[in-house]
Amino acid sequence: MAERRAFAQKISRTVAAEVRKQISGQYGGSPQLLKNLTIGGSVSHHTTVPLTEAVDPVDLEDYLITHPLAMESGPLRDLLEFPPDDIEVVYSPRECRTLVSAVPEESEMDPHVRDCVRSYTEDWAIVNRKYHKLGTGFNPNTLDKQKERQKGLPKQIFESDEAPDGNSYQDEQDDLKRRSMSIDDTPRGSWACSIFDLKNSLPDALLPNLLDRTPNEEIDHQNDDQRKSNRHKELFALHPAPDEEEPIERLCVPEVPKEHFGQRLLVKCLSLKFEIEIEPIFASLALYDVKEKKKISENFYFDLNSEQMKGVLRPHVPPAAITTLARSAIFSITYPSQDVFLVIKLEKVLQQGDIGECAEPYMIFKETDATKNKEKLEKLKSQAEQFCQRLGKYRMPFAWTAIHLMNIVSSAGSLERDSTEVEIGTGERKGSWSERRNSSIVGRRSLERTTSGDEACNLTSFRPATLTVTNFFKQEGDRLSDEDLYKFLADMRRPSSVLRRLRPITAQLKIDISPAPENPHYCLTPELLQVKLYPDSRVRPTREILEFPARDVYVPNTTYRNLLYVYPQSLNFANRQGSARNITVKVQFMYGEDPSNAMPVIFGKSSCPEFSKEAYTAVVYHNRSPDFHEEIKIKLPATLTDHHHLLFTFYHVSCQQKQNTPLETPVGYTWIPMLQNGRLKTGQFCLPVSLEKPPQAYSVLSPEVPLPGMKWVDNHKGVFNVEVVAVSSIHTQDPYLDKFFALVHALDEHMFPVRIGDMRIMENNLENELKSSISALNSSQLEPVVRFLHLLLDKLILLVVRPPVIAGQIVNLGQASFEAMASIINRLHKNLEGNQDQHGRNNLLTSYIYYVFRLPNTYPNSPSPGPGGLGGSVHYATMARSAVRPASLNLNRSRSLSNSNPDISGTPTSPDDEVRSIIGSKGLDRSNSWVNTGGPKAAPWGSNPSPSAESTQATDRSCNRMSSHTETSSFLQTLTGRLPTKKLFHEELALQWVVCSGSVREAALQQAWFFFELMVKSMVHHLYFADKLDAPRKNRFPERFMDDIAALVSTIANDVVSRFQKDTEMVERLNTSLAFFLNDLLSIMDRGFVFSLIKACYKQVSSKLYSLPNPSILVSLRLDFLRIICSHEHYVTLNLPCSLLTPPASPSPSVSSATSQSSGFSTNVQDQKIANMFELSVPFRQQHYLAGLVLTELAVILDPDAEGLFGLHKKVINMVHNLLSSHDSDPRYSDPQVKARVAMLYLPLIGVIMETVPQLYDFTETLNQRGRPSCIAVDDYESEGGSMISQTVAMAIAGTSVPQLTRPSSFLLTSTTGRQHSTFSAESSRSLLICLLWVLRNADESVLQKWFTDLSVLQLNRLLDLLYLCVSCFEYKGKKVFERMNSLTFKKSKDMRAKLEEAILGSIGARQEMVRRSRGQLERSPSGSAFGSQENLRWRKDMTHWRQNTEKLDKSRAEIEHEALIDGNLATEANLIILDTLEIVVQTVSVTESKESILGGVLKVLLHSMACNQSALYLQHCFATQRALVSKFPELLFEEETEQCADLCLRLLRHCSSSISTIRSHASASLYLLMRQNFEIGNNFARVKMQVTMSLSSLVGTSQNFNEEFLRRSLKTILTYAEEDLELRETTFPDQVQDLVFNLHMILSDTVKMKEHQEDPEMLIDLMYRIAKGYQTSPDLRLTWLQNMAGKHSERSNHAESAQCLVHSAALVAEYLSMLEDRKYLPVGCVTFQNISSNVLEESAVSDDVVSPDEEGICSGKYFTEAGLVGLLEQAAASFSMAGMYEAVNEVYKILIPIHEANRDAKKLSTIHGKLQEAFSKIVHQSTGWEVGNILVSKEH
């Protein structure tokens, strides 16, 4: 013990770095060693780089070349290098919703249209990291995934789960009693009953070959094989993932850009029936938003007329197309609200008379009176037929109604019955509506900004309703406008609606409204294209109705759509001469001025052809200033010319048939040209109307222009109001965008001058215009910018990559484009907040980069920039004019155009001088960035493929950077008139970014992720097209590009470091963006270079950290940074797992031979090598670079002396946990050999965790607070109020026999002295320990063993302490606990939380807290460290072990079962790993034959694990290991660790009474062998006998639900072994075993009886006497029971009896004291006491199996001392005097007096004599003639 204690005191912990220094110092002495440690050629003088600094990384590319792997194939091969197909560039065809894709019909298109169409149809260009999904970012240990991995787990059997409930247990006990003969039937104390019971019980199965003498090695081997078979492969599958928000490294694959739909609603029109049926009626449906005063959908036209009715119109209507016969429609609503109405309007054929007259019959006739009014109806019918025949092509307004949509949806139509009389077809359905309300339905998430009242408007999950609308309102001729409609609708919502007072038209319209299905069949788009799944063209279709969203929707266009809606609103002919009263407007779309030039592009309504050339508005009878409510929908041609226009012709229709009167008379004309200065003309118009046909060439002018000689209505005033709305993915309808696109296309087509608006731009002015139009993009509206986002970004990128040639000059637009991109991206970010992922990346932009962006003109099929490319025109300054490459191209290339050519150096005034001065200091001085190329395979332009390329490069870099603005035309001509200025986008981007400053730089930093991701994709595309994806990484990119990247990373890291306090949020984003960028670069660039970038970032952070008072925020940022980089899918490969840190220069033996040598011979170098593998040594950190960084972070943050990093514990532990858990489930590492290599990267983790031992959460303390059904926990006494034996007794029993069961002394000590360091939370500790177990489980055993050999005893003991803690940490909680936890309410977890927070905050200390508060840090600490309000939100789940379970209060039975199953498997696996490790430690001891002192620690862990709740499976292996340990080191138990021996006996006995037979058979085997070994060592196994006996008493005394039947079976098994043990048959051993077993059985029966006779004091004392007798051989226990009896007697005031018990106790003590100490004044033994009690001789210790008291652990109680004896005697005297037996008092004092005299204790002697005087005077007083002898009859039973 002494050594352990000392270790515990030293626990104040040397800092990690110092330990390492010492170690390196020990090895660093020999110069030989230094030579051997050269890494990569340069001598590393093993200078320790402190953990806070990053080391220089290994040059990974070089390393892989210089260290080829020995084997050619095999699982390890794949660890060496990234797979060859790691990155693929995929062109995946985009999915098209419709059967044929939407493209314009015309073959000739202008460039803008061509670009748009290309942008909507080209394949997605995806760069796919094939294994990306295996990185931690995509591989979260989610619950579903866990469930998947947990399939097929075996159910572990635990005794605690099997333990029967109280009542059934009772019956069983009674049953047993009936079976066993009662004690009372046999002579008391006889062995007979006991033996009888024993003989009758059945033994458990014996273990085969248990008694054979097998060599230890073989046993170990067998045990090992059995332990290793059928183990669960993945440890982490059994461990719940730590509780985190979305892990920082998660990046979701962006959504595919697709057409936007709101919530979709299916409306089916079933029937429309009036009281009378006399003519066809036509209906239209549309949605209106009252609040926004906006029509939010186009019209859906339908009619439900019978064939007979349609027949009436046959002459006027050509055959109907099936597309116009739809009766159901799908509406889309992006912003559902309480203000949306479904408005139904009805029209009928025009007839004479105003609307009121025509509607009259519908109001007066009732269907029921049809027969009565037969004649009248016939008359009406024939009138209607006449009108249809004559006026069949004209309509008139008739009636309307509206349905308040949200009432239907939200209340199933419990509408306040306003006069719309909406009856619900399916009976009352109030309250039966599902109230599920989803707030995330609005389009994409960006659209969630709905107004406050709208939460309840969810259209995705209501139950379908059938409505019957019974009332229509007739239209008022003077109230047809939309304005009027909104007034009506607003009024409808009022209870006292004006509409109620109107007389309705009664009818029945049945409509079904339901949420639209996902993929409805037979659907047509608004352009009448068939949507996929259209099995049969003859089926009546459903129409998708185009939405006009109430507010802006920000979604990029992805399909070609080009529609125009024309809304004639009103006409004022009041001042027109002549008759013009029944007015209709004919609308035509013309491509020229001839009447025949009308285009068939107007969509038909219902039951008519698909397209027609004209449309008529409805006629309001006798109204000279009519309002119209028509919507005319036109399909715009893709390419418009100046001659396209809308023509409006106004007619007067004569309703009466008169002689010589034509049907229609033209009364006016007006028109709208479609293009104005090249832009589509839309909006509100108030047009003058001409009385005559317009003259020639009118179409290019607007009617506002006063044409000579024309007559106008009302003096050319505007009399016709019309609105034109375009829904187009071709026309941007934004002047700034239009101008930009127009200029870009002018460049494309090389057409000058360009007309834009009213300006003509000449070529010489183009450059300025272009630049100003680029910067003016900022002023454009956001909505069109988003709609044309893809095209806009494509064009900006194109301008960067291929600077245009204007007037013979190359114009470098890189900077302008970069700025424009930065500002657009920031606008999107600011305005579309809801549209971002957790990293602040806007979804629209992520999907642009992922799917759309590609390098311009690098199509696999067009080798040089040809028309196939992006905006592919030949007017860029590219070398080749066409796809055929001219010979001159090769000429140009072969001339080495080194830029040091003096003719072409830039003039000194070039703007780049500025640039040079900015970056000059960074050594970035170099030539201009035009590199490549005529075609994809070209060598960089200007570099020479000859061997002298090196030197060219050098001159290249040293010369000026040449500015491309100052090119001279003569130079251009030398190059055959063209210049290859095709730049590489990533190079240009990096350059622009490095040189930008001011607000542009700020804008770029805000959205750095965008530029980083663009750059990466560009790099991959470049490698792909240049066929360099397989090229060696060192030659992939030019050096100056690498310089730019380095400069960029360095400045950005500097921003992070310098601004993290001011712009927290921005810096967090910047930090993660940078990390993702480096992560990406690892896949494509020189990895050593990327490592050096990581190091540079680290350096910046660490230099800043020194100066910071509170480093935690910055360290937290660095953790995020590291975690993202380590989420790389080839993280393991990047760590060079196959390099064994072999000093390459030394001729050290190969690994295999090194491991095979026993460590006794291993060379110094090897030791160092092993140490290096387990230490965070410089070689380790260099070669396993990323793992080194991760473990270093862990070591630094967990260091208790680290100031202010306490809050980051959870974060850093989660990082490690996350990595290991991902390796664990990674299919690539499932091979054990490979896993061992992976585990090697984490070997130093063991050391790091060993150093945290004092800080770990103490799981052993909580151990006993959980109900642990059948296991005994010695400190459970408080809780066992109902136990049968008084607590003190049990304590005494346990206390003497079972030395502290609590915690290894080291833990005890630290907990008593109050931990100096803050403790980790339970969750963090648990995570750390599971990581430790993973490493121990998967690491190579031989490596571990060698390392253990090198560890000091101190360190090994610490490792054992850790394992001890692991046992408690992963102990099985038991199904009952899961059930209990399930029924717990939250209150408990809240209290826990409060306590925990208190504890944590307490541990921070007031001073630090004050400091924090002053820094405002408690509000928002990073990483949600343990303090601060943020953490409070994050407690969510309980922090105790079972935090996962308190979340959902009630779990199903199955879930509880599943949880218990997982927990059981975890406990088993964890303990098996611990067992494996203990075996390795034991082997280490066997091999080195030293360090035996740690075996005690091994035993302690073993015993502790036996004491916990374990599965049967584990216990079998555990007992096997224990048997092997005892047989290897028998002296250990029987001579050194005697208290452990006692402990072992107790554990084995406890398991002998287990309810599970396998556990019993293993435990009894172990117990038998223990006795056998003890017997063999000393031929006397009194020691074990005694300890087993003591254990039994302890077990029986303290365990509540203890089942004697099971123990009886085990005793029988032990007997059976003794009988079958042939070897020892001749010795006394079998008899001794039998005696022992019988004695045990006797005690067992008696103790059980005692529990029954709790209420019968006589019987109880009797049994106690018998039990004490059973303990004849173990003085301590007998003493305990004698005292026990004394206590019981004095409780009942039997003082004389009590005194006799005490005398016997004293005699027993005297007996052993006389053996121990030869002192004359002490009593000789029990003989001395004969005068007081005649049968005191029972206490003499003479039998053969008495243990000599000088053995440790015997007679060690406090009574077996002189003072103890004195105490007992004094107590006896006191009792005698209370009993009034004064003569006996004298006898007692006679023994006491010599002792005190020897000690010269005058004070005591005076007291004694005083007492004697009292006693004698009492005798005198009461001398009634008693004889002293009468009293001395022993009262002892």
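Because the structure is predicted, anything quoted here is derived from the model rather than measured. (Residues numbered from 1 in each chain as written. Predicted model: local features only at pLDDT ≥ 70, side-chain atom pairs only at ≥ 80, totals over all residues. Heavy atoms only, no water.)

**Here we look at the overall build of the chain**
- Each helix and strand counted, the chain has 67 helices and 30 strands in total.
- Looking at the chain as a whole, 60% of its 1837 residues qualify as buried.
- Of the contacts made within the chain by residues no fewer than 6 positions apart, 81% connect residues no fewer than 24 positions apart.
- For the chain, the exposed area adds up to about 72,600 Å²; of that, 53% sits on carbon and sulfur atoms. (Helix = DSSP H or I, 4+ residues; strand = E, 2+ residues; numbered from the N terminus. Buried < 20%, exposed > 50% of the residue type's maximum accessible area, 1.4 Å probe, protein only. Contact = heavy atoms within 4.5 Å. Areas by Shrake-Rupley, 256 points an atom, 1.4 Å probe, with all protein chains shown as cover.)

**What to know about helix H40 (residues 1232–1240)**
- Burial runs high along H40: seven of the nine residues are buried.
- Looking at H40, one finds that the buried residues are Val-1234, Lys-1235, Ala-1236, Arg-1237, Val-1238, Ala-1239 and Met-1240.

**Comments concerning the environment of Ile-1246**
- Positionally, Ile-1246 belongs in helix H41 (residues 1243–1251).
- C-alpha of Ile-1246 to C-alpha of Cys-1331: the two residues are 85 residues apart in sequence and 9.0 Å apart in space.
- Among residues more than four places away in sequence, those in contact with Ile-1246 are Phe-1174, Leu-1332, Val-1335, Leu-1336, Leu-1344, Trp-1347 and Leu-1359.

**What about the environment of Pro-637?**
- The topology assignment puts Pro-637 in the loop between strand S20 (632–635) and strand S21 (645–653).
- Judged by its relative accessible area of 6%, Pro-637 is buried.
- Separated by 532 residues in the primary sequence, Pro-637 and Glu-105 have C-alpha atoms spaced 8.2 Å apart.
- Discounting residues that sit within four places of it in the chain, Pro-637 has contacts with Glu-106, Asn-562, Phe-589, Met-599 and His-644.

**Some details on the nonpolar core**
- Judged by nonpolar contacts, the single largest core of 351 residues is most densely connected at Trp-993, Phe-1010, Leu-1078, Leu-1081, Ile-1094, Tyr-1242 and Ile-1246.
- Tallying contributions element by element places helix H52 (residues 1453–1488) first for this core, with 13 residues.
- Setting aside chain neighbours within four positions, we find Trp-993 in contact with Phe-818, Ala-1004, Ala-1008, Phe-1011, Phe-1012, Met-1015, Leu-1048 and Ile-1052. (Core = buried A, V, L, I, M, F, W, Y, C linked by side-chain atoms within 4.5 Å.)

**Section: the sheet that holds strand S19 (residues 614–616)**
- Pairing within the open sheet is antiparallel, and its four strands lie in the order S19-S16-S21-S22. Of all the strands in the sheet, the pair left with one neighbour each is S19 and strand S22 (664–673). Across the sheet, the axes of successive neighbouring strands diverge by a mean angle of 20°, strand direction being ignored.
- Of the pairings in the sheet, the one linking strand S16 (residues 583–590) to S21 comprises eight bridges and is antiparallel in character. Counted as the bridge partner of Gln-588 is Leu-647 from S21. (Pairing = 2+ DSSP bridges. Axes fitted to C-alpha atoms, helices over the stretch in contact; angles between N-to-C directions.)

**Some details on the packing of helix H11 (residues 216–228) against helix H54 (residues 1512–1528)**
- It is the contact of H11 with H54, at a shortest axis distance of 10 Å, that shows an interaxial angle of 165°. One way to sum up the angle between H11 and H54 is to call them roughly antiparallel. In this structure, the crossing between H11 and H54 has a hand that is left-handed. For the pair formed by H11 and H54, the contact residues are Asn-216, Ile-219, Asp-220, Asn-223, Gln-226 and Arg-227 on the first element and His-1517, Ala-1520, Thr-1521, Ala-1524, Ser-1527 and Lys-1528 on the second.
- For the contact of H11 with H54, a count of residues per class yields three nonpolar, six polar and three charged. (Parallel < 35°, antiparallel > 145°, perpendicular 65-115°, else oblique. Left-handed = near helix turned anticlockwise from the far one by under 90°. Nonpolar A, V, L, I, M, F, W, Y, C, P; charged D, E, K, R; others polar.)

**Here's the deal with the packing of aromatic side chains**
- For the structure on display, the rule yields 43 aromatic pairs.
- Judged by centre distance (4.1 Å) and plane angle (5°), the rings of Phe-1174 and Trp-1347 are stacked. Of this pair, Phe-1174 sits in helix H36 (residues 1164–1174) while Trp-1347 sits in helix H46 (residues 1341–1350), and the two are 173 residues apart along the sequence. There is no split in this pair, since Phe-1174 and Trp-1347 are both buried.
- Three or more aromatic residues link up through ring pairs in this structure, and these residues are Phe-818, Trp-993, Trp-1009, Phe-1010, Phe-1011, Phe-1012 and Phe-1077.
- The ring centre of Phe-261 lies 4.7 Å from the NZ or CZ of Arg-264, which sits over that ring. (Phe/Tyr/Trp six-rings, centres within 6.5 Å; stacked < 30°, edge-to-face > 60°. Lys NZ or Arg CZ within 6 Å of the ring centre and 35° of its normal.)

**So, the side chain of Asp-204**
- Mapped onto the fold, Asp-204 is located in the loop between helix H10 (192–200) and H11.
- Polar contacts involving the side chain of Asp-204 include one to the side chain of Arg-1560, which spans 2.9 Å.
- Once you skip the residues sitting within four places of it in the chain, Asp-204 turns out to touch Ser-1557, Arg-1560, Ser-1561, Arg-1609, Ser-1610 and Thr-1613. (Polar contact = N/O pair within 3.5 Å; in protein donor to acceptor, adjacent residues only side chain to side chain.)

**A few points about the pattern of salt bridges**
- Scanning the model with the defined rule gives 72 salt bridges in all.
- Residue Arg-1609 pairs with Asp-204 through a salt bridge whose shortest N-O separation is 3.8 Å. One end of the pair, Arg-1609, is in helix H59 (residues 1604–1620); the other, Asp-204, is in the loop between H10 and H11, with 1405 residues separating them in the sequence.
- With a relative accessible area of 25%, Arg-1609 lands in the partly exposed category.
- Where salt bridges share partners, they join Asp-224, Arg-227, Lys-228, Arg-231, Arg-1337, Glu-1341, Glu-1469, Asp-1476 and Glu-1479 into one cluster. (Salt bridge = Lys/Arg side-chain N within 4 Å of Asp/Glu carboxyl O.)

**A few points about helix H14 (residues 374–391)**
- Taking 1.5 Å of rise per residue, the 18 residues of H14 would be expected to cover 26 Å, and the 25 Å separating its terminal C-alpha atoms lies within 8% of that figure.
- When we look at burial in H14, the residues that qualify are Leu-377, Leu-380, Ala-384, Phe-387, Cys-388, Arg-390 and Leu-391.
- For H14, the elements touching its buried residues are helix H12 (307–312), strand S8 (340–349), helix H13 (355–364) and S21. (Expected span 1.5 Å × (residues − 1).)

**A closer look at the environment of Leu-377**
- Position of Leu-377 relative to the elements: it lies in helix H14.
- Remark: the alpha-carbon pair of Leu-377 and Glu-277, spanning 100 residues in sequence, is separated by 8.9 Å.
- Aside from chain neighbours lying at most four places away, what touches Leu-377 is Ile-276, Ile-278, Phe-365 and Ala-370.

**Points about the pairing of strand S15 (residues 562–571)**
- In terms of burial, S15 is largely enclosed, as nine of its 10 residues are buried.
- In this sheet, strand S26 (residues 718–728) lies alongside S15 in antiparallel orientation, the contact comprising nine bridges. Note that in S26 the partner of Pro-568 across the bridge is Val-722.
- Pairing between S15 and S20: four bridges, direction antiparallel. The partner of Val-566 across the bridge, within S20, is Ile-632.

**Re a nonpolar patch on the surface**
- Together, Val-700, Leu-701 and Val-705 line one region of the surface with nonpolar side chains, adding up to about 200 Å² of accessible area.
- Residue placement: Val-700 occurs in the loop between strand S25 (683–688) and S26. (Patch = residues over 30% accessible without salt bridge, like charges linked within 9 Å, V, L, I, M, F, W, Y side chains within 5 Å.)

**Quick notes on a negative patch on the surface**
- On the surface, Glu-1489, Glu-1492, Glu-1531, Glu-1535 and Glu-1536 cluster together into a patch of negative charge.
- Residue placement: Glu-1489 occurs in the loop between H52 and helix H53 (1495–1507).
- Relative accessible area serves as the criterion here: at 63%, Glu-1489 is assigned to the exposed category. (Lys, Arg positive; Asp, Glu negative; His and termini not counted. Charge placed at Lys NZ, Arg CZ, Asp CG, Glu CD.)

**Some thoughts on the confidence of the model for the chain**
- Looking at the chain, the pLDDT average stands at 78 and 75% of residues meet or exceed 70.
- Confidence, read as mean pLDDT per element, is least for helix H3 (residues 31–36) in the chain (31) and greatest for S20 (98).
- Below a pLDDT of 50 lies the segment residues 1142–1163, which in the model reaches 24 contacts outside its immediate sequence neighbourhood of four places, other chains included. (pLDDT = per-residue confidence, 0-100.)

**Comments concerning the packing of H41 against helix H47 (residues 1353–1369)**
- Viewed as axis vectors pointing N to C, H41 and H47 meet at an angle of 85°, and their least axial separation amounts to 9 Å. It follows that H41 is roughly perpendicular to H47 by the angle criterion. Between H41, through Ile-1246, Ile-1249, Met-1250 and Glu-1251, and H47, the contact on the second element is made entirely by Gln-1355, Arg-1358, Leu-1359 and Leu-1362.
- When grouped by side-chain class, the residues that make up the contact of H41 with H47 number five nonpolar, one polar and two charged.

**Describing unusual backbone geometry**
- Its identity as a non-glycine residue notwithstanding, Leu-533 has a phi of 70°, on the positive side.
- Considering the arrangement of structural elements, one finds Leu-533 in the loop between strand S13 (523–524) and strand S14 (542–544).
- Classification of Leu-533 by relative accessible area gives partly exposed; the value is 47%.
- Located in the positive-phi region is Gln-733, a residue other than glycine, with phi close to 55°.
- As for its position among the elements, Gln-733 is in the loop between S26 and helix H17 (735–749).
- Using a relative accessible area of 30% as the deciding quantity, one classes Gln-733 as partly exposed.

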